[in-house]
Amino acid sequence: DGRLQPLKSGFATVAKRGRVPIVIMALDGAFTAWPRQQLLPGLTPLQVVFSQTVSTEEVAQWSEAELAATVEQRLQQAWQQAHDGLRTRSPARFV
């Protein structure tokens, strides 16, 4: 339906075990570009926003609950920026 869904907490376990940073990225417009019932994607603008990365040090020191909450908050903010960017953007021109 194009809306941001709640995160599953399993990613925090994987990040902690792998000792890897978490790159937070939000993409808005993908559902409009390619709805489930459509065979091929359409030419529709997309907006991508990257948020502050969660460093390997932060991943190591935070609990899984703190990590999940922080990532969800940053992702919500990035998605809102992406969503707002699409709404205020002038229509794309294809040449």
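Details of the structure are given in the entry above.
The structure presented is a predicted model; accordingly, all values stated were derived computationally and were not measured.

The subject of this paragraph is the overall build of the protein chain. If you tally the helices and strands in the protein chain, you get four helices and two strands. Walking the protein chain from its N terminus toward its C terminus, one meets helices and strands in the order α-β-α-β-α-α. Its C-alpha atoms give the protein chain a radius of gyration of 16 Å, more than 25% over the compact-globule value 12 Å for 95 residues. In terms of its C-alpha atoms, the protein chain occupies a principal-axis envelope of roughly 50 × 25 × 20 Å. For the protein chain, the proportion of its 95 residues judged to be buried stands at 25%. For the protein chain, the proportion of contacts with a sequence separation of at least 24, taken over those separated by at least 6, is 68%.

With 14 residues, the main nonpolar core has Ile22, Ile24, Ala26, Val54, Val59, Leu67 and Val71 as its most contacted residues. Tallying contributions element by element places helix α4 (residues 64-88) first for this core, with six residues. Beyond its immediate sequence surroundings of up to four residues, Leu67 is in contact with Phe11, Ala12, Lys16, Ile22, Val54, Val59 and Trp62.

What follows is about the pairing of strand β1 (residues 25-28). Taking every second residue as pointing to the same face, the buried face of β1 carries Ala26 and Asp28, while none of Met25 and Leu27 on the other face is buried. As paired elements, β1 and strand β2 (residues 47-50) share four bridges and run antiparallel to each other. Residue pairing for β2: Ala26 is matched across the bridge by Val49.

For an α-helix the count is 3.6 residues per turn, leaving residues at separations of three or four pointing the same way. Across its 25 residues, α4 extends 36 Å between first and last C-alpha, which sits within 8% of the 36 Å expected from 1.5 Å per residue. If you check which residues of α4 are buried, you get Leu67, Ala68, Thr70, Val71, Arg74, Leu75, Ala78, Trp79, Ala82 and Gly85. Buried residues along α4 sit in contact with α1 (10-18), β1, β2 and α3 (56-61).

The rules we used
Position labels on residues start from 1 in each chain and follow its written sequence. In view of the model being predicted, local features appear only for residues whose pLDDT reaches at least 70, and side-chain atom pairs are presented and counted only at 80 or more, with totals across whole chains, interfaces and linings using the full set of residues. In computing side-chain values, all of the structure's heavy atoms are included and hydrogens and water are not. Each helix is a run of H or I in the DSSP string that is no shorter than four residues. Each strand is a run of E no shorter than two, and both are numbered from the N terminus. Atoms counted for the radius of gyration: C-alpha only. Globule rule: 2.2 Å times residue count to the power 0.38. Note on exposure labels: buried denotes an accessible area under 20% of the residue type's maximum, exposed denotes more than 50%, and partly exposed covers the range between, all computed with a 1.4 Å probe on protein chains only. Contacts are assigned to residue pairs that have any heavy atoms within 4.5 Å of one another. As used in this record, nonpolar core signifies buried Ala, Val, Leu, Ile, Met, Phe, Trp, Tyr and Cys residues forming a set joined through side-chain atoms within 4.5 Å. Two strands are said to pair when DSSP picks up at least two bridges between them. What a helix should span is 1.5 Å times the count of its residues minus one.

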